[in-house]
Amino acid sequence: MTKNQEYLELESSIKAEFQSSLSPADALDLLEAGNQRFLSGNGSKRRSQSNLLKGAAQGQAPFAAVLGCIDSRAPIEEIFDAEIGDLFVARVAGNTVNGDILGSIEYACKYAGSKLVLVLGHTQCGAVKGAYASLKDGNLTGLLERIEPAVAPVRETHGTDAIDEAIDLSVANNVQLVCERIKKESQILAELEESGAIRIVGGVYNVATGEVDFSTYPG
Ligand SMILES: [Zn+2]
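Residues numbered from 1 in each chain as written. Predicted model: local features only at pLDDT ≥ 70, side-chain atom pairs only at ≥ 80, totals over all residues.

Caption draft 1: Structural context of the environment of P62. Structurally, the position occupied by P62 is in the loop between α4 (49-58) and β1 (64-68). On the basis of neighbour count, P62 is assigned to the buried category, with 23 C-beta atoms found within 10 Å. The sequence separation of P62 and D86 amounts to 24 residues, and the corresponding C-alpha distance is 4.4 Å. Setting aside chain neighbours within four positions, we find P62 in contact with I14, G85, D86, L87, F88, A108, A112 and S114. (Helix = DSSP H or I, 4+ residues; strand = E, 2+ residues; numbered from the N terminus. Buried ≥ 20, exposed ≤ 12 C-beta atoms within 10 Å, placed from the backbone. Contact = placed C-beta atoms within 7 Å.)

Caption draft 2: Highlighting unusual backbone geometry. Even without being a glycine, N95 presents a positive backbone phi close to 35 degrees. One can find N95 in the loop between β2 (87-91) and α6 (99-111). Of note, Q124 is a non-glycine position whose phi angle comes to about 60 degrees, a positive value. Along the polypeptide, Q124 turns up in the loop between β3 (116-122) and α7 (126-132).

Caption draft 3: Molecular detail of the nonpolar core. Core analysis: the largest hydrophobic core is formed by 59 residues, its most contacted members being A64, I105, V117, L118, V119 and V128. Examining the composition of this core, we find that nine residues originate from one element, helix α9 (residues 164-185), more than from any other. The residues contacting V117, other than those within four sequence positions of it, are A65, I105, C109, I182, L189, I198 and I200. (Core = buried A, V, L, I, M, F, W, Y, C linked by C-beta atoms within 7 Å.)

Caption draft 4: Molecular detail of the pairing of strand β5 (residues 212-217). The pairing of strand β4 (residues 199-205) with β5 spans three bridges and is classified as antiparallel. The residue of β5 that forms the bridge with Y205 is V212. (Pairing = 2+ DSSP bridges.)

Caption draft 5: Broad picture of the sheet that holds β3. Spatial ordering of the open sheet is given by β2-β1-β3-β4-β5, a layout of five strands whose pairing is mixed. Whereas interior strands pair on both sides, the edge strands pair on one side only; in this sheet they are β2 and β5. Across the sheet, the mean angle from the axis of one strand to that of its neighbour is 30 degrees, orientation sign disregarded. (Axes fitted to C-alpha atoms, helices over the stretch in contact; angles between N-to-C directions.)

Caption draft 6: The arrangement of the packing of helix α8 (residues 140-158) against α9 in detail. Closest axis-to-axis distance for the α8/α9 pair is 8 Å, and the angle between their directions is 145 degrees. The two elements α8 and α9 meet at a crossing, and its hand is right-handed. Mapping the contact onto sequence places I147, P149, A150, V151, V154 and H158 in α8 and E165, A166, L169, S170, N173, N174 and L177 in α9. Taken together, the residues of the contact of α8 with α9 sort by class into eight nonpolar, four polar and one charged. (Left-handed = near helix turned anticlockwise from the far one by under 90°. Nonpolar A, V, L, I, M, F, W, Y, C, P; charged D, E, K, R; others polar.)

Caption draft 7: View of the environment of L28. Here L28 lies in helix α3 (residues 24-40). Of the residues examined, L28 has 22 C-beta atoms within 10 Å and is grouped as buried. L28 sits 87 residues away from K115 along the chain, and the two C-alpha atoms are 8.7 Å apart.

Caption draft 8: Region of the structure containing α6. Helix length check: α6, at 13 residues, gives a terminal C-alpha distance of 17 Å against a target of 18 Å (1.5 Å per residue), a fit within 8%. Within α6 the residues assigned to the buried category are I105, A108 and C109. Here the buried residues of α6 occupy an arc of 85 degrees about the axis, which is enough to place them on one side. What points out from α6, more than 90 degrees from its buried face, is the exposed set G99, D100 and Y111. Packed against the buried residues of α6 are β1, β2, β3, α9 and α10 (187-194). Phi for G113, located one or two positions after α6, is positive at around 80 degrees. (Expected span 1.5 Å × (residues − 1). Arc of directions from axis to C-beta.)

Here it is, written out as structure tokens:
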């Protein structure tokens, strides 16, 4: 039986035993299969809420940590057909990193056993568009400055008009740079990846089709 079949047959939330049986590649397979179920409309609540809550009362063993954007069109659990206890989810505009986000992912992987970090950008990202337009306003200024390194080279080649192609390229750049920054700025996560305990990968969610492209940063 594949890990995905085992996962689909779970009756309660994920236990540490199942989590520790997964490789980082298995965790990625679970996310890919979850997105396929979502896409095909076969996503369903397989486990009863009361079982999930009973499991939650005993602890958690999520198989992956996802860093996504706050965008209302990219709800992380939903697009991976995931349920209570399945995923750690950090969301911040432009799915970028700072110390708090890094600390959260470190906790997810080192102390709570998650096997995979997925940085998930999305099409039509307003934060990336804001960075592309060099928007400066309030606390957004500092946030968008963290995205600037991803958009600057695209602005050089495509000009200042934020056409779709320029934003798509910037979104992909941002995902790749965030994956690299995670490894550069978190010794804990870099070592976990080096040892094979986790993988750090990046993808882009298409808000129009519901599909996740996992090829952005294969890790
Ligand atoms: Zn966004």
